[in-house]
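Spelled out from the first residue to the last, the chains are:
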Amino acid sequence: MIPADAAPPPAAPGSPLPARPRDPGATDPREPPRASRREAALIAASVTAGVALAVSYAFHPDRAGAPGMLAALGALYAVLAAATVMWLRRRGELRAALRPLSGDLARGAFVAAVLYGLAMAVQLALAPRGSPREGWLFRLYLQLGDPSADARVFVGAVVFVVAALEEIVWRGLVMRALEGPFGPVTAWLLSSALFAAAHVPTLFLLGDPLAGPNPLLVAAGLGCSIVWGRVVHRTGRLPPAIFAHAFFSWAIVSFPIWRP
């Protein structure tokens, strides 16, 4: 009788080598490596904290309408987007994640148009003309500058770029990292919640003396992030969601849903 743990007999000369048994714990080299729970938590916490600090700086009332407001957010997201690209490249996912296809622009524009229509409906229901909550919209657009100013075109262009970078970071890095230890659905919802949490400082920075804390950016961040994350899941790529996020943010600035 041959013991169960005995080594297999050597193969005869010229005969094919026997296949080695597959290690069930080994990673399939054809699949991207899964982020560990520790790596995912570090990425998610770092991005959320960094963005929250930049939001606190950008949306401080002292910087209302100032160029440095958007510059701070843009600089942070440029660094984070570069880190995201390197992270995806190291994992072998860069080309698949950012590969553009025909129809991406149209899909993004359609999603942005739907979200813009919903934003207008929410504004009419939540903060109609003459209500104290109208102050929330006033504070938000005051922070972005005069809606009728000539520089509005430039501000809209900068917002478009910053929004595109946001999508690369939050869906390409945070959500993708969380998918490893938590699965796609939990990662989708958790990354959306973290995106909203990063905007919590605006509750108080954009608050109104009569209406109280301003929930607009937090609520919009959560709702829109859920939609953009779903777009990434449906398409398996970032470009449609990048266009959706960028077009929506640009439209909110260039075609304000509220004017004084």
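Residues numbered from 1 in each chain as written. Predicted model: local features only at pLDDT ≥ 70, side-chain atom pairs only at ≥ 80, totals over all residues. Heavy atoms only, no water.

Engineer: Hey, could you go over the confidence of the model for the protein chain for me, with residue numbers and the actual values?
Structural biologist: Predicted coordinates in areas of low pLDDT are best not read in detail. The share of residues in the protein chain with pLDDT of 70 or more is 85%, and the mean pLDDT across the chain is 87. Every residue in residues 13–30 scores below 50 in pLDDT, and together they form three contacts with partners more than four places removed in sequence or on other chains. (pLDDT = per-residue confidence, 0-100. Contact = heavy atoms within 4.5 Å.)

Engineer: Which residues make up the side chain of Glu93, and what are the values?
Structural biologist: Tracing the backbone shows Glu93 in the loop between α2 (67–91) and α3 (94–98). A polar contact is formed between the side chain of Glu93 and the side chain of Arg91, at a distance of 2.5 Å. (Helix = DSSP H or I, 4+ residues; strand = E, 2+ residues; numbered from the N terminus. Polar contact = N/O pair within 3.5 Å; in protein donor to acceptor, adjacent residues only side chain to side chain.)

Engineer: Which residues make up the packing of helix α6 (residues 152–182) against helix α9 (residues 216–235), and what values do they have?
Structural biologist: Between α6 and α9, whose axes approach to 11 Å, the crossing angle comes to 70°. Judged by the inter-axis angle, α6 sits roughly perpendicular to α9. Between α6 and α9 lies a crossing of right-handed hand. Two secondary-structure elements touch here, α6 through Glu167, Arg171, Met175 and Glu179 and α9 through Ser225, Trp228, Gly229, Val232 and His233. (Axes fitted to C-alpha atoms, helices over the stretch in contact; angles between N-to-C directions. Parallel < 35°, antiparallel > 145°, perpendicular 65-115°, else oblique. Left-handed = near helix turned anticlockwise from the far one by under 90°.)

Engineer: I'd like a rundown of the environment of Leu173, residues and numbers included.
Structural biologist: Residue placement: Leu173 occurs in helix α6. By relative accessible area, Leu173 is classed as buried at 7%. Between the C-alpha atom of Leu173 and that of Trp87, which follows or precedes it by 86 residues, the distance is 7.7 Å. (Buried < 20%, exposed > 50% of the residue type's maximum accessible area, 1.4 Å probe, protein only.)

Engineer: Account for the packing of aromatic side chains, with residues named and values stated.
Structural biologist: Under the counting rule described, the total for this entry stands at six aromatic pairs. An angle of 85° between the planes, with centres 5.3 Å apart, marks the rings of Trp170 and Phe195 as edge-to-face. Taken together, the residues span a long stretch of sequence, with Trp170 in helix α6 and Phe195 in helix α7 (residues 184–197) at a distance of 25 residues. In this structure, Trp170 and Phe195 share a single accessibility class: buried. Among the aromatic residues, ring-to-ring pairing joins Phe160, Phe243 and Phe247 into one connected group. Cation over ring: Arg63 sits above Tyr57, and NZ or CZ is 3.7 Å from the ring centre. The lysine or arginine in question, Arg171, covers the ring of Phe195, its NZ or CZ lying 5.9 Å from the ring centre. (Phe/Tyr/Trp six-rings, centres within 6.5 Å; stacked < 30°, edge-to-face > 60°. Lys NZ or Arg CZ within 6 Å of the ring centre and 35° of its normal.)

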